[in-house]
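Each chain is listed here by its residues.
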Amino acid sequence: MTIAHEAATPTSTAGTVRVLRVFLIRVLIAAAVYAWLVHGSKSGAVGPEPDAARVSFAIGPNPIMLIVFAVIAISGFRAAERGEPELAALLRRRLRLIVALVALSLVVTVCWISLYPLEGWPQPNTWFFPFPFAAVEMVGPS
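Residues numbered from 1 in each chain as written. Predicted model: local features only at pLDDT ≥ 70, side-chain atom pairs only at ≥ 80, totals over all residues. Heavy atoms only, no water.

**Here's the deal with the overall build of the protein chain**
Reasoning step 1: Along the backbone of the protein chain there are three helices and three strands.
Reasoning step 2: When the accessible surface of the protein chain is totalled, it reaches about 9,200 Å², and 67% of it is carbon and sulfur. (Helix = DSSP H or I, 4+ residues; strand = E, 2+ residues; numbered from the N terminus. Areas by Shrake-Rupley, 256 points an atom, 1.4 Å probe, with all protein chains shown as cover.)

Written as structure tokens, this is what we have:
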């Protein structure tokens, strides 16, 4: 019985390392896809034609989302340290959460940049940005 237990330990450790490695690679791929695809820009002239002012904004990846991905990944590694049973299922759920956040970020970014009106600049209004899904850089009338 001791031999069987000793023989099973390296295999389970190797299996855990493999599961964690696959999890980390998939998290990094999801973060890269997020950073690569969450981009967009919109510009136009607002105001009366002779005095039209150029307004533009650009959307890019938000570092806060990358920190969220890292926190979720680190919580998966902490679960492995604690020796959680069903580690693979736990990591799959965490990876699904990250993929859902990436998909939500893409949808929010594309919809927001498509539907955001340029009219109304430079009057004071409340401008809603898709925080934390993307970082926005605004360039007002010059």
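**Let's talk about the side chain of Ser105**
Reasoning step 1: Position of Ser105 relative to the elements: it lies in helix α3 (residues 87–115).
Reasoning step 2: When its relative accessible area of 0% is taken as the criterion, Ser105 is described as buried. (Buried < 20%, exposed > 50% of the residue type's maximum accessible area, 1.4 Å probe, protein only.)

**Examining α3**
Reasoning step 1: Taking 1.5 Å of rise per residue, the 29 residues of α3 would be expected to cover 42 Å, and the 42 Å separating its terminal C-alpha atoms lies within 8% of that figure.
Reasoning step 2: Where α3 is concerned, the buried positions are Leu87, Ala89, Leu90, Leu91, Leu95, Ile98, Leu101, Val102, Ser105, Thr109, Trp112 and Ile113. (Expected span 1.5 Å × (residues − 1).)

**A closer look at the packing of aromatic side chains**
Geometrically, a pair of aromatic rings is defined through the distance of the ring centres and the angle of the planes.
Reasoning step 1: This structure, assessed with the given rule, holds two aromatic pairs.
Reasoning step 2: On the basis of an interplanar angle of 90° and a centroid distance of 5.7 Å, the ring pair of Tyr34 and Phe69 is categorised as edge-to-face. One end of the pair, Tyr34, is in helix α1 (residues 2–37); the other, Phe69, is in helix α2 (residues 63–82), with 35 residues separating them in the sequence.
Reasoning step 3: Exposure remark for Tyr34: the relative accessible area of 0% places this residue in the buried category. (Phe/Tyr/Trp six-rings, centres within 6.5 Å; stacked < 30°, edge-to-face > 60°.)

**Focus: unusual backbone geometry**
Reasoning step 1: Residues other than glycine seldom take positive phi values, yet Glu86 does so here, at roughly 60°.
Reasoning step 2: By the secondary structure assignment, Glu86 is in the loop between α2 and α3.
Reasoning step 3: Judged by relative accessible area, which is 63%, Glu86 ranks as exposed.

**Thoughts on the packing of α2 against α3**
The description of two packed helices rests on the angle between their axes and on the distance between the axes.
Reasoning step 1: Look at α2 against α3: their axes get within 10 Å of each other, and the N-to-C directions meet at 175°. The orientation of α2 with respect to α3, classified from their angle, is roughly antiparallel. Where α2 approaches α3, its residues Met65, Val68, Phe69, Ile72, Ser75, Gly76, Ala79 and Ala80 are matched on the opposing element by Leu87, Leu90, Leu91, Arg94, Leu97, Ile98, Leu101, Val102 and Ser105.
Reasoning step 2: Its residues assigned to classes, the contact of α2 with α3 comprises 13 nonpolar, three polar and one charged. (Axes fitted to C-alpha atoms, helices over the stretch in contact; angles between N-to-C directions. Parallel < 35°, antiparallel > 145°, perpendicular 65-115°, else oblique. Contact = heavy atoms within 4.5 Å. Nonpolar A, V, L, I, M, F, W, Y, C, P; charged D, E, K, R; others polar.)

**Side note on the nonpolar core**
Reasoning step 1: Counting 30 residues, the largest nonpolar core has Phe57, Ile59 and Phe69 as the members making the most contacts within it.
Reasoning step 2: At the level of secondary structure, the elements contributing two or more residues to this core comprise α1, β2 (53–60), α2 and α3. (Core = buried A, V, L, I, M, F, W, Y, C linked by side-chain atoms within 4.5 Å.)

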